Amino acid sequence: MAGAAGRIRGRALGRFPLALPVGDLSNLHLKEEKSKPDANGAVVKTNANAEKADEEEKEDRAAQSLLNKLIRSNLVDNTNQVEVLQRDPNSPLYSVKSFEELRLKPQLLQGVYAMGFNRPSKIQENALPLMLAEPPQNLIAQSQSGTGKTAAFVLAMLSQVEPANRYPQCLCLSPTYELALQTGKVIEQMGKFYPELKLAYAVRGNKLERGQKISEHIVIGTPGTVLDWCAKLKFIDPKKIKVFVLDEADVMIATQGHQDQSIRIQRMLPRNCQMLLFSATFEDSVWKFAQKVVPDPNIIKLKREEETLDTIKQYYVLCNNRDEKFQALCNLYGAITIAQAMIFCHTRKTASWLAAELSKEGHQVALLSGEMMVEQRAAVIERFREGKEKVLVTTNVCARGIDVEQVSVVINFDLPVDKDGNPDNETYLHRIGRTGRFGKRGLAVNMVDSKHSMNILNRIQEHFNKKIERLDTDDLDEIEKIAN
Ligand SMILES: Nc1ncnc2c1ncn2[C@@H]1O[C@H](COP(=O)(O)OP(=O)(O)OP(=O)(O)O)[C@@H](O)[C@H]1O
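Everything quoted here is computed from the prediction, not taken from an experiment. (Residues numbered from 1 in each chain as written. Predicted model: local features only at pLDDT ≥ 70, side-chain atom pairs only at ≥ 80, totals over all residues. Heavy atoms only, no water.)

Examining the overall build of the chain
Across its full length, the chain holds 18 helices and 14 strands. Across the 484 residues of the chain, 56% fall into the buried class. When the accessible surface of the chain is totalled, it reaches about 20900 Å², and 47% of it is carbon and sulfur. (Helix = DSSP H or I, 4+ residues; strand = E, 2+ residues; numbered from the N terminus. Buried < 20%, exposed > 50% of the residue type's maximum accessible area, 1.4 Å probe, protein only. Areas by Shrake-Rupley, 256 points an atom, 1.4 Å probe, with all protein chains shown as cover.)

Here it is as structure tokens:
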């Protein structure tokens, strides 16, 4: 997980430069740094004398004036300043609260700060008080990709666990093996100051002895294996679960069988179990599913036009065929520096062809596709996350939800369509959401190669009510401009 995402950094991403010296910007988070928890997890408040208070006020004023300057000069759009966005009421990262106000346990506060989070995002600020309320509240929540949903429900689970009880108390369903591992990592990082807390992965390949009971406090896994562990193998006593999380509900129901399995698991849980469901999109089918698994819910939902993030710039390129699309891609690479990119293709065949062509051009390419074994897929993603490869060419589902901070560009080499050839808006949103994570700038480029794909693109624009601009990839100056 990208822990340092919450701070302002001096590092430029590709050619998205940071426009001001870091020294100036660091003023913006001076105030938070004064109330961080110490090594024992206690929140340390500095005992400020009048002089110090004066100094602080000056710093605050300086920070505010810098912030105003940034906003006025429109520099906000040119930088990756999470802190600035977190102070912009129109941003999904905006928050008026601090993590202290969210009543987190000291060990968790310590974990949050150790991950480099300075303040909550909008979804965290809104969802956490509900999730931590007494008695526990059920919640159906939507927030854009990369705005901190995972961190929100991980905090909720960690807050409810009683380490002295050596049995599973929180159960989290993820749609894929990769996402289960990714979320597990967040749990491990955030629960770092909770050494007694244990986590088990209910994923294919994790074989346990028959008759065994699990003593771990949190179980995270995919629906099929979790169902086996609860119903058939009885490794878990579902009646003791206090918190049930269903993550990426839209992706979940797109996978054959997952919806039924999730509902069967939910039915085994006690009535007073807290049910939480998260999703980046809420088409009707997701909504119906959500209402089936979350009784009497509190609801946090976005308006359609809020679903896409303004920090991700969207373009399309007109081409005539596959070779021209490849050329357009090469032109993009020739004109802008791309930290890491994810490229989506419709078929495995195109993906392998493209990966081979890009390798011939000298790129370090990773290929991820559905026919690979889950362990292989996880290894590919890990290497990409570590930056060993700079380009990830992939087909579809296995790349959903993957959180890699350095992805500055997403290319739809083929536009996402459903099995009937209609635009797949959800998949579009998930794909472009691989960039622009937590306020970072991102670029999404769509390759259009026929009247049909132009029509798909137009329908995607209409759906999100968001203009996707044309980009001429033969014009290097124009490409350079979009990266500035
Ligand atoms: N309050 C915060 N401050 C700074 N960074 C944060 C904060 N919350 C989350 N992040 C970071 O932002 C990135 C995205 O967060 P997260 O994965 O929780 O988003 P998400 O909404 O679950 O995304 P997706 O819909 O794609 O699954 C992660 O790298 C995470 O570490």
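So, the sheet that holds strand β8 (residues 312–318)
Spatially, 7 strands are ordered β10-β11-β9-β12-β13-β8-β14 in an open sheet, and the strand pairing comes out parallel. A strand with exactly one partner marks an edge of an open sheet, and here the two such strands are β10 (365–368) and β14 (469–470). Where strand β9 (residues 340–344) and strand β12 (residues 407–412) come together, 5 bridges link them in parallel fashion. Bridge pairing links Ala341 to Val409 in β12. Across the sheet, helix α13 (residues 322–335) is in contact with β8, β9, β11 (391–394), β12 and β13 (442–448); its angle to β13 comes to roughly 155°. Lying over the sheet, helix α15 (residues 374–385) contacts β9, β10, β11 and β12, oriented at roughly 150° with respect to β10. (Pairing = 2+ DSSP bridges. Contact = heavy atoms within 4.5 Å. Axes fitted to C-alpha atoms, helices over the stretch in contact; angles between N-to-C directions.)

A word on the pattern of salt bridges
Taken as a whole and assessed by the stated rule, the structure comprises 11 salt bridges. Measuring nitrogen to oxygen at the nearest pair gives 2.9 Å for the salt bridge that ties Lys242 to Glu162. Taken together, the residues Lys242 in the loop between α9 (223–232) and β5 (243–246) and Glu162 in the loop between α7 (149–160) and β2 (170–173) connect sequence positions 80 residues apart. Judged by its relative accessible area of 41%, Glu162 falls in the partly exposed class. One salt bridge connects Arg383 with Glu389, and the closest N-O pair in it is separated by 2.8 Å. (Salt bridge = Lys/Arg side-chain N within 4 Å of Asp/Glu carboxyl O.)

Focus on the site of the ligand
Taken together, 22 residues lie near the ligand, and Lys149, Thr150, Glu248, Asp403 and Arg437 sit nearest. Within the contact set of the ligand, an oxygen atom lies 2.9 Å away from a backbone nitrogen or oxygen of Gly146. At a separation of 2.8 Å, an oxygen atom of the ligand approaches a polar side-chain atom of Lys149. Contact with the protein chains removes 99% of the 640 Å² of surface that the ligand exposes when unbound. Top element by residues in the shell around the ligand is α7. It accounts for 3 residues. Counted by class, the shell around the ligand contains 7 nonpolar, 9 polar and 6 charged residues. (Near = heavy atom within 4 Å. Polar contact = N/O pair within 3.5 Å; in protein donor to acceptor, adjacent residues only side chain to side chain. Nonpolar A, V, L, I, M, F, W, Y, C, P; charged D, E, K, R; others polar.)

Some details on helix α17 (residues 451–464)
Taking 1.5 Å of rise per residue, 14 residues should cover 20 Å, and α17 covers 20 Å from first to last C-alpha, within 8% of that figure. Among the residues of α17, Ser453, Met454, Ile456, Leu457, Ile460, Gln461, His463 and Phe464 are the ones counted as buried. For α17, the elements touching its buried residues are β8, α16 (425–432) and β13. Positive phi appears at Asn465, one or two residues downstream of α17, with a value of about 50°. (Expected span 1.5 Å × (residues − 1).)

Some thoughts on the sheet that holds strand β7 (residues 298–300)
Read from one edge of the open sheet, 7 strands run β3-β4-β2-β5-β6-β1-β7, paired in parallel fashion. The sheet terminates laterally at β3 (199–202) and β7, the two strands that pair on one side only. Within the sheet, the average angular offset between the axes of one strand and its neighbour, ignoring direction, is 15°. Sheet topology places β2 next to strand β4 (residues 218–221); 4 bridges connect them, and they run parallel. Pairing of Leu171 across the sheet is with Val219, part of β4.

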